[in-house]
Amino acid sequence: MEQKYLKTLVTAYRRGYERKYAGMANPPEMKLHYFKVKEDLPRVQVVLGFLQGIVPARQCESLLDVGSGRGVFLFPLLREFPHLQVTSVDILPHRVELLDCIRLGGFDNLHPMLADICDCPLPEKSFNVVTMLEVLEHIPDVGKAVRNAVRLARNYIIVSVPSKPDDNPEHINLFSNEDLKNLFLNAGCSRVKFMSVTNHRVMIAYF
């Protein structure tokens, strides 16, 4: 069966790749497999559904996506909201370089940054929404990451984490609903709401 790709994104990536690495003797390999068409994961569907309620109401005109990784959430986000100003931060240079190709290829609303959410130096209240999907389970200093995310957000923070132990050695934290609630309320949020997704906790923190 012929594999289908996210046409707009893969076209932008190709164009940006050619611009970014023009004249380079040994450019990195193109990573087209990230753009294969897949069904959105349930946790991604839930978050997109929430955003579909607040973006038209102008409660989300700018969004910070923490730990964008392979684009599991970021690419559906760009597909659904092509005019939303999105800043993407990741600690891995090759992830940021891939996203920068997309930016160079025509996604002027995408702003990739090489940064750690624990020390991200952006100004206070820079974004309407901060998303941290499948991120907190990886971070040693969770409190610092949460405090900085709260500092950067104006309206909402959206979090997803695994809800039960797994065999991923990079998962160093496991949170209950109460753990997440206390982390964000203690950092300055006013209330939280949980949504049910199989094997995951999805939480929205409000200001």
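Cut-offs used in this document
Residues numbered from 1 in each chain as written. Predicted model: local features only at pLDDT ≥ 70, side-chain atom pairs only at ≥ 80, totals over all residues. Heavy atoms only, no water. Helix = DSSP H or I, 4+ residues; strand = E, 2+ residues; numbered from the N terminus. Rg over C-alpha atoms; globule rule 2.2 N^0.38 Å. Buried < 20%, exposed > 50% of the residue type's maximum accessible area, 1.4 Å probe, protein only. Contact = heavy atoms within 4.5 Å. Lys, Arg positive; Asp, Glu negative; His and termini not counted. Charge placed at Lys NZ, Arg CZ, Asp CG, Glu CD. Expected span 1.5 Å × (residues − 1). Salt bridge = Lys/Arg side-chain N within 4 Å of Asp/Glu carboxyl O. Pairing = 2+ DSSP bridges. Axes fitted to C-alpha atoms, helices over the stretch in contact; angles between N-to-C directions. Core = buried A, V, L, I, M, F, W, Y, C linked by side-chain atoms within 4.5 Å.

## Quick notes on the overall build of the protein chain
(1) Moving on: Along its length, the protein chain carries six helices and seven strands.
(2) Moving on: Secondary structure elements in the protein chain, listed N-terminal to C-terminal, are α-α-β-α-β-α-β-β-α-β-α-β-β.
(3) Moving on: In terms of C-alpha radius of gyration, the protein chain reaches 17 Å, essentially the compact-globule figure of 17 Å for 207 residues.
(4) Moving on: For the protein chain, the residues scored as buried account for 46% of the 207 residues in total.
(5) Moving on: Here the contacts in the protein chain between residues at least 6 apart in sequence split such that 68% fall between residues at least 24 apart.
(6) Moving on: Taking the average location of the 25 positive side-chain charges in the protein chain and that of its 23 negative ones, the two points are 5 Å from each other.

## Some remarks on helix α4 (residues 93-104)
(1) Moving on: Helix length check: α4 (twelve residues) gives 16 Å between terminal C-alpha atoms against 16 Å at 1.5 Å per residue, within 8%.
(2) Moving on: Taken as a whole, α4 has its buried residues at Arg95, Val96, Leu98, Leu99, Asp100, Cys101 and Ile102.
(3) Moving on: For α4, the elements touching its buried residues are α1 (7-20), α3 (74-80), β2 (85-90) and β3 (110-114).

## Topic: the pattern of salt bridges
(1) Moving on: Summed over the entire model, instances satisfying the criterion amount to seven salt bridges.
(2) Moving on: The shortest N-O distance in the salt bridge between arginine 79 and aspartate 40 comes to 2.6 Å. Of the two residues, arginine 79 is situated in helix α3 and aspartate 40 in the loop between α1 and α2 (42-54); the sequence distance between them amounts to 39 residues.
(3) Moving on: With relative accessibility at 37%, the residue arginine 79 sits in the partly exposed group.
(4) Moving on: By sharing partners, the salt bridges in this structure join Lys20, Asp100 and Arg103 into a single network.

## Here's the deal with the pairing of strand β1 (residues 62-66)
(1) Moving on: Of all five residues in β1, five are buried, a share of seventy percent or more.
(2) Moving on: Both faces of β1 are covered, namely the face carrying Ser62, Leu64 and Val66 and the face carrying Leu63 and Asp65.
(3) Moving on: Of the pairings in the sheet, the one linking β1 to β2 comprises five bridges and is parallel in character. Across the sheet, the residue bridging to leucine 64 is threonine 87, located in β2.
(4) Moving on: Note: β1 against strand β4 (residues 127-133), three bridges, orientation parallel. Of the residues in β4, the one forming a bridge with leucine 63 is valine 129.

## Observations regarding the sheet that holds strand β6 (residues 191-197)
(1) Moving on: The seven strands lie next to each other as β3-β2-β1-β4-β5-β7-β6, forming an open sheet whose pairing is mixed. Either end of the sheet is taken by a strand with one partner, and the two such strands are β3 and β6. Averaged over all neighbouring strand pairs, the angle between strand axes comes to 15 degrees, with direction disregarded.
(2) Moving on: Where β6 lies against strand β7 (residues 200-206), seven bridges are found, and the strand directions are antiparallel. Residue pairing for β7: serine 196 is matched across the bridge by arginine 201.
(3) Moving on: Sheet strands in contact with α4 are β2 and β3, and its direction is about 160 degrees off that of β3.
(4) Moving on: Against the sheet, helix α5 (residues 142-152) contacts β1, β4 and β5 (153-162), and its axis sits at roughly 145 degrees relative to β5.

## A word on the nonpolar core
(1) Moving on: Among the nonpolar cores identified, the biggest contains 40 residues, and Phe35, Leu51, Phe75, Leu77 and Ile102 are the most heavily contacted of them.
(2) Moving on: Taken together, the elements giving at least two residues each to this core come down to α1, α2, α3, α4, β4, β5 and β7.
(3) Moving on: For this core, the element with the highest residue contribution is α2, accounting for six residues.
(4) Moving on: In contact with leucine 77, other than residues within four places in its own chain, are Leu48, Leu51, Leu63, Leu84 and Val86.
(5) Moving on: Counting 31 residues, the second largest nonpolar core, distinct from the first, contains Ile117, Ile139, Phe175 and Met203.

## Quick look at the environment of cysteine 189
(1) Moving on: Within the secondary structure, cysteine 189 sits in the loop between α6 (177-187) and β6.
(2) Moving on: On the basis of relative accessibility, which here comes to 7%, the residue cysteine 189 falls in the buried class.
(3) Moving on: Those residues in contact with cysteine 189 that sit more than four places away from it in its chain are Val150, Ile157, Phe184, Ala205, Tyr206 and Phe207.

This is a description of form; function is not addressed.
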